Amino acid sequence: MIADEIERLQALKMAGALTAEQFERAKEQILSAVTGTDGEQVCGIGVNAWCSLMHLSQLLWWTGAGIVAPIAMWVVGRQQSRLVDLQGRIIINWMISSLIYGLVSGMLVFVAVGVPMLAVLGVLTLLLPLIGAMRAAEGYPWKYWLSLEFLATEEEVSNEMPY
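Residues numbered from 1 in each chain as written. Predicted model: local features only at pLDDT ≥ 70, side-chain atom pairs only at ≥ 80, totals over all residues. Heavy atoms only, no water.

Assigned secondary structure in the protein consists of six helices and two strands. Residue burial in the protein is summarised as follows: out of 163 residues, 34% are buried. Within the structure as shown, the protein displays about 9500 Å² of accessible surface, and the carbon and sulfur contribution to it stands at 69%. (Helix = DSSP H or I, 4+ residues; strand = E, 2+ residues; numbered from the N terminus. Buried < 20%, exposed > 50% of the residue type's maximum accessible area, 1.4 Å probe, protein only. Areas by Shrake-Rupley, 256 points an atom, 1.4 Å probe, with all protein chains shown as cover.)

Right, let's talk about the side chain of S57 for a bit. With respect to the element layout, S57 can be found in the loop between α3 (47–56) and α4 (65–77). Residue S57 is classed as buried on the basis of its relative accessible area, which comes to 7%. In this structure, S57 is in contact with A65, G66, A69, P70 and M73, ignoring residues within four places of it in sequence. (Contact = heavy atoms within 4.5 Å.)

A turn of α-helix holds 3.6 residues, and therefore any two residues three or four places apart point the same way. Along its 24 residues, helix α6 (residues 114–137) runs 34 Å from first to last C-alpha, staying within 8% of the 34 Å computed at 1.5 Å per residue. If you check which residues of α6 are buried, you get G114, L121, L124, L128, P129, I131, G132, A133, R135 and A136. Those residues of α6 that are buried are in contact with α3 and α5 (82–108). Looking one or two residues beyond α6, the residue adopting positive phi is G139, at roughly 90°. (Expected span 1.5 Å × (residues − 1).)

Let us look at α3. Most of α3 sits out of view: seven of its 10 residues are buried. Residues of α3 that are buried: V47, N48, W50, C51, S52, M54 and H55.

With that settled, consider the packing of aromatic side chains. Taken as a whole, this structure holds three aromatic pairs when the rule is applied. Between W94 and Y144, the aromatic rings sit 5.8 Å apart at their centres with planes inclined by 50°, giving tilted as the arrangement. Taken as a pair, W94 in helix α5 and Y144 in the segment after α6 lie far apart in primary sequence, 50 residues in all. Comparing W94 with Y144, the two get one shared label, buried. Each ring, one from W142 and one from W145, has its centre 5.3 Å from the other, and the planes form 75°; the classification is edge-to-face. Assessed through its relative accessible area of 42%, W145 is described here as partly exposed. Members of the aromatic cluster, each reached through a chain of ring pairs, are W94, W142, Y144 and W145. Between the NZ or CZ atom of R78 and the centre of the ring of W74, over which it lies, the distance is 4.8 Å. (Phe/Tyr/Trp six-rings, centres within 6.5 Å; stacked < 30°, edge-to-face > 60°. Lys NZ or Arg CZ within 6 Å of the ring centre and 35° of its normal.)

Moving on to the nonpolar core. Across soluble globular proteins, nonpolar side chains show a tendency to be buried alongside one another. With 22 residues, the main nonpolar core has C51, M54, V84 and Y144 as its most contacted residues. Looking at this core, the elements with two or more residues in it are α3, α4, α5 and α6. Broken down by element, this core gets its largest block of residues, eight residues, from α5. Sequence-distant contacts of C51, defined by excluding residues within four places in its chain, comprise L83, V84, Q87 and A136. (Core = buried A, V, L, I, M, F, W, Y, C linked by side-chain atoms within 4.5 Å.)

As structure tokens, this is what we get:
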């Protein structure tokens, strides 16, 4: 937890292991991880956290909110942050792509090829938002595998790890 990390830093400062300047710098790093890469916020939540929640909200598909929530979050936040706009376009591209893949797989069920395709799509529908959320928490956009590009993101996204 953030409070635990700050308490640990405070204890190190009190013990003389950290100077006041080192303490403030370390505390700022901890807080910036929550509020976004440069302190940007959307609706009082850090940009990275907002983007992670956008990705994770897709997992609510069984309630119907998995379609509405990411779109609503994107619409609310896209004017406030370029990263939210980019992450939202990535999510919308995947949602449209998975709908197309689902329709094609559904039609191919009668040829028996569609059943495994639907199974793979189901796994990807669970796995890809989790990976996207983890990358978003780090502040990096990540284009979903097999996602078709309906809204432009290509020049802005690299799936290579930054470290």
